Amino acid sequence: MNKLTNKRVILITIDALRRDSLKCYGYYRNTAPNLESFINQGTIFLNAYTNGIDSPSSFSAIFSSIFPFLRGGYAPLPTQKKTFQEILKKNNILTYFIHDNPFLGKHYNYDRGFDIFFEGQLSKFSQTRKKLNKNESLKISAFSNIKKIINYQKILEKIKKCLIGFDTIRNWIVFRMYKLIEILIPYITLEYNAPLISRKVINFLKKYNKNMFLCAHFMDVHNPYNPPKRNLLRFRRENINLREKELLNTKFLMNFRRYHINKEILNNLIDLYDGEINFVDKYLLKIFKTIYSLFKKNCLIIITSDHGEAFYEHELLHHTGNIFDEILKIPLIIIELGKKENVKYVEEQVQLIDIAPTILDYFDLEIPKFFQGKSLLPLLKGKSINRDDFIISEGYQKNGEIRINENDGFKLISIRKNNWKYIFDEQSNKEYIFDLKSDPNEKINLSEDNPSILRKFRRFLRKHLQKISDTTEKAKIKEIMHKIEK
Ligand SMILES: [Zn+2]
């Protein structure tokens, strides 16, 4: 790496952001006008896929460049799954991660390789597998004792319901008085939402100008959908009040299998979801403005999501035990500051495991041989990466609910090659084959009509399952060795 030039990579991930919820991917609404104006300066990957079906499976792929089930799975992230941020750290590149996703916390080892690691209240205190330090335990016991005397969280909820514009006021306070909020965060029901994350990221960027990798993960678009009125009204005439929002989120969205989801309910949910994207967009603008004012070159911005979101395409909602393309298609945009010759659109199929090699490549660091992804930098310059391999997406589920490991879940695997997609559902022992060219909405299962394609995919699946079994066994043994050596 050239020691004289400082480089930065900023990875912005928006949880549960569907590829087709952005205008640049063909959506009829301009949900994120600010983001769109910056996207225009970068390269838009038209065929990007996640390798997971939920946050931990996808982030394990982003960080390790290895398919989620290999080398001991992803929750917790096994020590044997080397992450690219560990490599960056070794090369004196500062690594920073801020998020509020309970599955990406210290509890699941997702802090590994980060110099600076912020996880929100939800992640910090909802898990206790890891030993907490004295200070943290004190905070938790104080927190629960106060709660016993006055249930202020309930009071806050009540105020929220009565007070018009509660969210707007809260977000205004959070963005402007974030230092105070930071002190209060263990005691209040406030998560790291877009105003807080953007404030912290901006302050950090202003202070630190050496080699760095920063990842900011936004949970606002993730359900429950609760955008401020202003953002919602961009997409509909009438507001949805808090009581209705609660009904939509807790009754229909979370228990959709028990109800008939009619068009009106679905449209309301989509409006709320779009409102959330619009809400995050405002804070992305603040981050982008800061980046553009501070760095004119030597900065790579990557924008993506961990998975999409379902809106009843296959009679499923949000993201739970679903491996159809409403979940697997993700947006991916890369902006290289100071480069004008980059191409606008890339058609080639790319995946989340490509992010780690791309970032190492950008820092001129060697890409480990065991990384399964490829650097995407050649694609920015109009070259090809000649991908002829299979794209795998996988995760655990049970009875349609997300599970995080094999102890209580069944494998759900999708294998994609060119226009063909194969799905294996371990629990039901069902297989599906879709010709995505003629059937992009995955409605016609061709597994019985196309034995030669089925054979091809089964052969590949067998190899993959064998690899999972071999590498998991090895990972388990290495994990034990690691503990003994400690
Ligand atoms: Zn997620």
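Here the structure is shown first, and the text comes after it.
Residues numbered from 1 in each chain as written. Predicted model: local features only at pLDDT ≥ 70, side-chain atom pairs only at ≥ 80, totals over all residues.

**Some details on unusual backbone geometry**
Following A75, the chain continues into P76 via a peptide bond in cis, with omega recorded as 5°. Mapped onto the elements of the fold, P76 is located in the loop between helix 2 (55-64) and helix 3 (84-90). Cis rather than trans, the peptide bond between N223 and P224 has omega equal to 0°. The residue P224 is located in the loop between strand 5 (212-218) and helix 10 (229-232) in this model. A positive phi angle, near 60°, is found at N92, a position not held by glycine. Here N92 is to be found in the loop between helix 3 and strand 3 (94-99). (Helix = DSSP H or I, 4+ residues; strand = E, 2+ residues; numbered from the N terminus.)

**A few points about the packing of helix 9 (residues 194-207) against helix 12 (residues 263-294)**
Two elements in contact, helix 9 and helix 12, have axes whose closest approach is 9 Å; the angle formed by their N-to-C orientations is 5°. Here helix 12 runs roughly parallel to helix 9, going by the angle between their axes. Here helix 9 contributes A194, P195, S198, V201, I202, L205 and K206 to the contact with helix 12, which in turn contributes F279, V280, Y283, K286, I287, T290, I291 and L294. A breakdown of the residues in the contact of helix 9 with helix 12 according to their chemical character gives 11 nonpolar, 2 polar and 2 charged. (Axes fitted to C-alpha atoms, helices over the stretch in contact; angles between N-to-C directions. Parallel < 35°, antiparallel > 145°, perpendicular 65-115°, else oblique. Contact = placed C-beta atoms within 7 Å. Nonpolar A, V, L, I, M, F, W, Y, C, P; charged D, E, K, R; others polar.)

**Describing the sheet that holds strand 14 (residues 410-417)**
Overall, antiparallel pairing links the 5 strands, which are arranged 13-12-14-15-16 in an open sheet. At either margin of the open sheet sits one strand with a lone partner, and together these are strand 13 (401-403) and strand 16 (430-435). Along the sheet, successive strands turn relative to each other by an average axial angle of 30°, direction set aside. Judged from the 3 bridges that link them, strand 12 (residues 391-398) and strand 13 form a sheet pairing that is antiparallel. Residue K398 lies in a different strand from strand 13, and its bridge partner there is E401. (Pairing = 2+ DSSP bridges.)

**A closer look at helix 9**
Owing to its 3.6 residues per turn, the α-helix aligns residues three or four sequence positions apart on the same side. With 14 residues, helix 9 extends 20 Å from end C-alpha to end C-alpha; this agrees with the ideal 20 Å at 1.5 Å per step. Within the sequence span of helix 9, burial applies to A194, P195, L196, I197, S198, R199, V201 and L205. (Expected span 1.5 Å × (residues − 1). Buried ≥ 20, exposed ≤ 12 C-beta atoms within 10 Å, placed from the backbone.)

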